[in-house]
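Overview (structure and organization)
Next come the chains, spelled out residue by residue.
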Amino acid sequence: AQSVTQLDSQVPVFEEAPVELRCNYSSSVSVYLFWYVQYPNQGLQLLLKYLSGSTLVESINGFEAEFNKSQTSFHLRKPSVHISDTAEYFCAVIREGNFNKFYFGSGTKLNVKP
Amino acid sequence: GAVVSQHPSRVICKSGTSVKIECRSLDFQATTMFWYRQFPKKSLMLMATSNEGSKATYEQGVEKDKFLINHASLTLSTLTVTSAHPEDSSFYICSARDAASGTYEQYFGPGTRLTVT
């Protein structure tokens, strides 16, 4: 069975503080991993993805995530958040052999306070 | 680029009526579109995959006669919730894959909030 777990439904943090949003998955086959961000009243936007190669991937706005196969995790981090990072973040996986089916976590609401 | 729109953004309908939701790829052609349902504080659940010009493929447990999907063109897919009931109230999100990109990345629409009274 395929599942994606985001343990934290909400993460409050002050501006300029570091943040980590956790994502764990379960799979018996190889997976590709994604983080999507959803701003209020907008669709999901791809933040970053891991397909192969370096296990540390970065986005253009300072987020990074590291694929850890032994811990089946793909946690999202940012060393210093901004107010504008307030949004809902979804972790998702697709598995090798079935690229159509995205499995999403339940989302983490990041609330950045001034 | 790669913008997907949905219409309407919100809809309220009475129990027993049908409602249609449109999903459009605005600046690319989408041979494959996807429909998801999102419950409060839950994951997005894939309902069905639609390919232009062919029948949709439904996920296990999704009633194909209740959730009618049409993908008549490379830029438009529609989801019709037939004989809607309050339990069908949910947030419906579509996504589309760019036929020319050669990747499996999906571009998501902003969602449609359906409330059945």
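In the block above lies the structure referred to throughout.
1. Quick notes on the pattern of salt bridges
Enumeration over the complete set of coordinates arrives at 9 salt bridges over all chains. Its salt-bridge partner being E64 of chain A, residue R77 of chain A comes within 3.8 Å of it at the nearest N-O pair. Note that R77 of chain A is positioned in strand β9 (residues 73-78) and E64 of chain A in strand β8 (residues 64-68), a separation of 13 residues in sequence. Between D88 of chain B and K66 of chain B there is a salt bridge whose closest N-O contact spans 2.9 Å. Here K66 of chain B lies in the loop between β6 (57-58) and β7 (67-73) and D88 of chain B lies in the loop between β8 (76-81) and β9 (90-97), a separation of 22 residues in the sequence. Summarising the burial analysis for this pair, D88 of chain B and K66 of chain B share the class buried. Salt bridges linked by common partners bring E20, E64, E66 and R77 of chain A together as one network.

2. Some points on the sheet that holds β7 of chain B
Residues and elements named next belong to chain B. If you walk across this open sheet you meet the 4 strands as β1-β3-β8-β7, and the pairing is antiparallel. Strands with a single pairing partner mark the edges of an open sheet, and in this sheet they are β1 (4-7) and β7. Each strand axis lies, on average, 15° off the axis of its neighbour in the sheet, ignoring direction. For β7 and β8, the ladder comprises 5 bridges, and the chain directions are antiparallel.

3. Side note on the packing of aromatic side chains
According to the stated counting rule, one finds 15 aromatic pairs over all chains in the structure shown. Aromatic side chains Y36 of chain A and F104 of chain A sit 6.0 Å apart centroid to centroid with 50° between the ring planes, which places their arrangement in the tilted category. Of this pair, Y36 of chain A sits in strand β5 (residues 31-38) while F104 of chain A sits in strand β11 (residues 98-104), placing them 68 residues apart in sequence. In terms of burial, Y36 of chain A and F104 of chain A fall into one category: buried. Where F104 of chain A meets Y36 of chain B, the ring centres are 5.7 Å apart and the plane angle is 85°; that geometry is what we call edge-to-face. Residue F104 of chain A is located in strand β11, and its partner Y36 of chain B is located in strand β4 (residues 32-38); the two belong to separate chains. We note that F104 of chain A, like Y36 of chain B, is buried. Three or more aromatic residues joined by ring pairs make a cluster, and in this case those are F34, Y36, F90, F102 and F104 of chain A together with Y36 and F108 of chain B.

4. Description of the state of the cysteines
Evaluated as defined, the whole model comprises 2 disulfides over all chains. Between the sulfur atoms of C23 of chain A and its disulfide mate C91 of chain A the distance is 1.9 Å. Disulfide C23 of chain A-C91 of chain A: torsion about the S-S bond near -65°, hence left-handed. Taken as a pair, C23 of chain A in the loop between β3 (19-21) and β4 (24-26) and C91 of chain A in strand β10 (residues 87-95) lie far apart in primary sequence, 68 residues in all. Residues C23 of chain A and C91 of chain A agree in their burial class; the two are buried. The structure places no disulfide on C13 of chain B, whose sulfur is separated from the nearest cysteine sulfur, that of C94 of chain B, by 18 Å. A relative accessible area of 10% means that C13 of chain B is categorised as buried.

What counts, and where the lines are drawn
Residues numbered from 1 in each chain as written. Chains lettered and ligands numbered in written order. Predicted model: local features only at pLDDT ≥ 70, side-chain atom pairs only at ≥ 80, totals over all residues. Heavy atoms only, no water. Salt bridge = Lys/Arg side-chain N within 4 Å of Asp/Glu carboxyl O. Helix = DSSP H or I, 4+ residues; strand = E, 2+ residues; numbered from the N terminus. Buried < 20%, exposed > 50% of the residue type's maximum accessible area, 1.4 Å probe, protein only. Pairing = 2+ DSSP bridges. Axes fitted to C-alpha atoms, helices over the stretch in contact; angles between N-to-C directions. Phe/Tyr/Trp six-rings, centres within 6.5 Å; stacked < 30°, edge-to-face > 60°. Disulfide = S-S within 2.5 Å.

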